[in-house]
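Analysis of the macromolecular model
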Amino acid sequence: MNRQPFETPPQWWPPKLSPFMIRVWRSLRRYQQIRQHRLLDIDVRGAEHLQAALAAGQGVVITPNHSSHADSYVLYHAAEVLACPLYFMTAWQVFGMSSRLESLVMQHHGCFSVDREGTDMRAFKQAVEIVQQRPHPLVIFPEGEVYHLNERITPFREGAAAIAMTAARKAERPITVVPCAIHYKYQTDPTPELLQVMQRLEEQISWRVRTDLSLHDRIYRFADAMIALKEVEYLGRSRSGPLAERVADLSDIILQRLAERHGVEEPEGLIIPERVKNLRRQVISRLDELDKTDAAREPLVHDMDDLFLVVQMFSYPGNYVSERPSIERIAETIDKFEEDFLNAPSAGIRGTRNAVVTFGDPLPVPVTRDRATGAELTRQLEVRVQRLMDETLAATPAVEELRRAVGSRQ
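A short tour of the structure in this document, coming up. (Residues numbered from 1 in each chain as written. Predicted model: local features only at pLDDT ≥ 70, side-chain atom pairs only at ≥ 80, totals over all residues. Heavy atoms only, no water.)

Some details on the pairing of strand 2 (residues 59-64)
Moving residue by residue along a regular strand, the side chains alternate between the two faces of the sheet. By the criterion of burial, strand 2 is predominantly enclosed, with 6 of the 6 residues buried. Neither face of strand 2 is exposed, since G59, V61 and T63 on one face and V60, I62 and P64 on the opposite face are all buried. Here strand 2 runs beside strand 6 (residues 175-186); their pairing, made up of 6 bridges, is parallel. In the strand pairing of strand 6, G59 is matched with I175. When strand 2 meets strand 5 (residues 138-139), the two strands line up parallel, connected through 2 bridges. Each bridged residue has a counterpart across the sheet, and for V61 the counterpart in strand 5 is L138. (Buried < 20%, exposed > 50% of the residue type's maximum accessible area, 1.4 Å probe, protein only. Helix = DSSP H or I, 4+ residues; strand = E, 2+ residues; numbered from the N terminus. Pairing = 2+ DSSP bridges.)

Structural notes on helix 11 (residues 243-262)
Between its terminal C-alpha atoms helix 11 stretches 29 Å, which fits the 28 Å expected from 20 residues at 1.5 Å a residue. Of the surrounding elements, those touching the buried residues of helix 11 are helix 10 (215-235), helix 12 (272-288) and helix 13 (297-314). Trailing helix 11 by a residue or two, G263 shows a phi angle of about 65°, which is positive. (Expected span 1.5 Å × (residues − 1). Contact = heavy atoms within 4.5 Å.)

What to know about the pattern of salt bridges
Under the defined criterion, the tally for this structure stands at 25 salt bridges. Among the ionic pairs, R200 bridges to E338, the shortest N-O distance being 3.7 Å. On the criterion of sequence distance, the pair formed by R200 in helix 9 (residues 191-204) and E338 in helix 15 (residues 327-341) is long-range, its members being 138 residues apart. With relative accessibility at 41%, the residue R200 sits in the partly exposed group. Linking R350 and E338 is a salt bridge whose minimum nitrogen-to-oxygen distance equals 2.2 Å. Of the two residues, R350 sits in the loop between helix 15 and strand 7 (353-359) while E338 sits in helix 15, which places them 12 residues apart along the sequence. On the basis of relative accessibility, which here comes to 10%, the residue R350 falls in the buried class. Exposure remark for E338: the relative accessible area of 9% places this residue in the buried category. Salt bridges linked by common partners bring E151, R152, E323, R324 and R329 together as one network. (Salt bridge = Lys/Arg side-chain N within 4 Å of Asp/Glu carboxyl O.)

Observations regarding the packing of aromatic side chains
Enumeration according to the criterion identifies 7 aromatic pairs in this entry. Between F222 and F337, the aromatic rings sit 4.9 Å apart at their centres with planes inclined by 55°, giving tilted as the arrangement. Placement of the pair is F222 in helix 10 and F337 in helix 15, with a sequence separation of 115 residues. Accessibility expressed as a relative area gives 3% for F337, which makes it buried. Among the aromatic residues, those joined into a cluster by ring pairs are F222, Y316, F337 and F341. Over the ring of W207 we find R221, and its NZ or CZ is 4.6 Å from the ring centre. (Phe/Tyr/Trp six-rings, centres within 6.5 Å; stacked < 30°, edge-to-face > 60°. Lys NZ or Arg CZ within 6 Å of the ring centre and 35° of its normal.)

A look at the nonpolar core
Within the largest apolar cluster, 66 residues are counted, with the highest numbers of intra-cluster contacts made by L75, L138, V357 and F359. Those residues in contact with L75, other than ones at most four positions away along the chain, are P64, L86, F88, V139, F141, C180, I182 and V357. Counting residues in hydrophobic clusters, the runner-up holds 46 residues, among them M198, I227, L255 and L258. (Core = buried A, V, L, I, M, F, W, Y, C linked by side-chain atoms within 4.5 Å.)

Notes on the pairing of strand 7
Among the 7 residues in strand 7, 6 count as buried, and that is most of the element. Across 6 bridges, strand 1 (residues 39-45) lies against strand 7 in parallel orientation. Bridging from a neighbouring strand, L39 pairs with R353 of strand 7. Sheet topology places strand 6 next to strand 7; 7 bridges connect them, and they run antiparallel. Across the sheet, residue Y184 finds its bridge partner in strand 7, namely A355.

Some remarks on the side chain of Q126
As for its placement among the helices and strands, Q126 is situated in helix 7 (residues 121-133). Dropping the residues within four chain positions of it, Q126 is found in contact with W12, P15, F112 and R134.

Some words on the packing of helix 12 against helix 13
The geometry of helix 12 relative to helix 13 is characterised by a closest axis approach of 10 Å and an angle of 165° between their N-to-C directions. Comparing the axis directions of helix 12 and helix 13 gives the class roughly antiparallel. Judged by the twist between their axes, the crossing of helix 12 over helix 13 is left-handed. Residue-level contacts link I272, P273, V276, L279, R280, V283, I284, R286 and L287 of helix 12 to R297, L300, V301, D303, M304, L307, F308, V310, V311 and F314 of helix 13. (Axes fitted to C-alpha atoms, helices over the stretch in contact; angles between N-to-C directions. Parallel < 35°, antiparallel > 145°, perpendicular 65-115°, else oblique. Left-handed = near helix turned anticlockwise from the far one by under 90°.)

Notes on helix 15
Across its 15 residues, helix 15 extends 21 Å between first and last C-alpha, which sits within 8% of the 21 Å expected from 1.5 Å per residue. Taking burial as the measure, the 15 residues of helix 15 include 14 buried ones, the bulk of the element. In the segment just after helix 15, N343 is the residue with positive phi, at about 60°.

Take a look at the structure:
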C-alpha cells in the first residue's frame, strides 16, 4: 500500500467546482487515464438510476468501491456521460502530496479535503451542505483506503451513511444514496511482467526462482514467508495454520498492544480500519504535543509504523487468489507485493485495461438520528455494491475467464 503522511493536516482544501475548468482539463484527464493507468475504455451501466434521482431534484450521495487509483477517472467519465459534474470527499494527504496546480485542478473537479483520522467537522459540514442544497452528487468512498481488491468489498465505514442521514434531517428535498461498483478487466495479458516481478520478489529474500511452480503457488509461498518473518519480529516465533487466520491473529495482537499502551478502549465489533483510525488519532495527538527533535517521538513513530503494517495485512485477504485465481486477482496481489516489499511508489499496471462502472437502485435515506439505522444503511450499501460487482463478474464470458485463468499459470 502507499505510505502516506498521518498527522494533523496543514490546511483545509475547499471545493471549487467549475464545469468550465472540467471541460478545459478533459484532454489531460484522458491522457493520464491512458498513459498512467492504461485504461482504454469505460462502460457506464445503470446511469438511469442516477439520472432519475437527479431529475427528481434529490440530494445524492454516490458510494463506490475503491480498488484503484484510477477510480476518479472512471467516475469522471461517467459524469461526462451523465452531463453532471461531481463532488469528491478526498483524503487530505492527496492534496498534501500534490503541487499547488494539481491541488487546484482537483478542487476545480469538486474535490475537498477530509482528515479521515480525526473528527473533521469542516469537511463533514461541507459534505452535508452539498447533499442538502447543491444540484450535483457527492462521491464518498466508504472503504476509505485503496486496498487493490478489484473483486471484493472490504467493510464500509459509516461516514457516508452519517453524512446522508444528517443531510436528510434538515433538507428540503429527499436524500438518496446510490450504490456504485467499479470493476477493471485486463485486455492484454500481463503475465510476462508479473513473472518478472515475482522473480524479483523471490530474489529479494534470497530464494531460488521457482519457475516450475504456478504464479498462484509462488504467491502463497511468498506470503507465508512474509507473515512468518513478521510473526518472528512481533511474537518471537513463527506460527502454523491457515494464512488468513495468522494474519488476523497478528493484526489483533498488534492492535491490542497499542490500545493498552495508549489507554484506548476498544468497543466490541469494530472493524480493523476503525480500530486503526482510533489508535492513529491518539498517536497523532501525542506527536503534536512534542517538538520535532524530541526523542520521545521515536516510539510513537514506531507505533505509526505498526498501524501501517496492520492496514497492509488487512489488504491481503488470505483466500483472495485461491477463491478465484483470475488474472486480475493474481495481478493485484503481485502489484501490492511490489509496493510493500520492493518499495515501488505505486502498484504497477501490467497491461491495458477496460473498466465497467455500474450504478444501482437508489436507497432512500430515512430521517432519523438512530445510529442503528445508520449501521443498517451502511450494511445495505456494502451488500448492494458487492452484488453489483458480482453481477459484472457473472457477465464475463466463461471462455475468456478460462483463457485468463490458464494464462496465469504459465
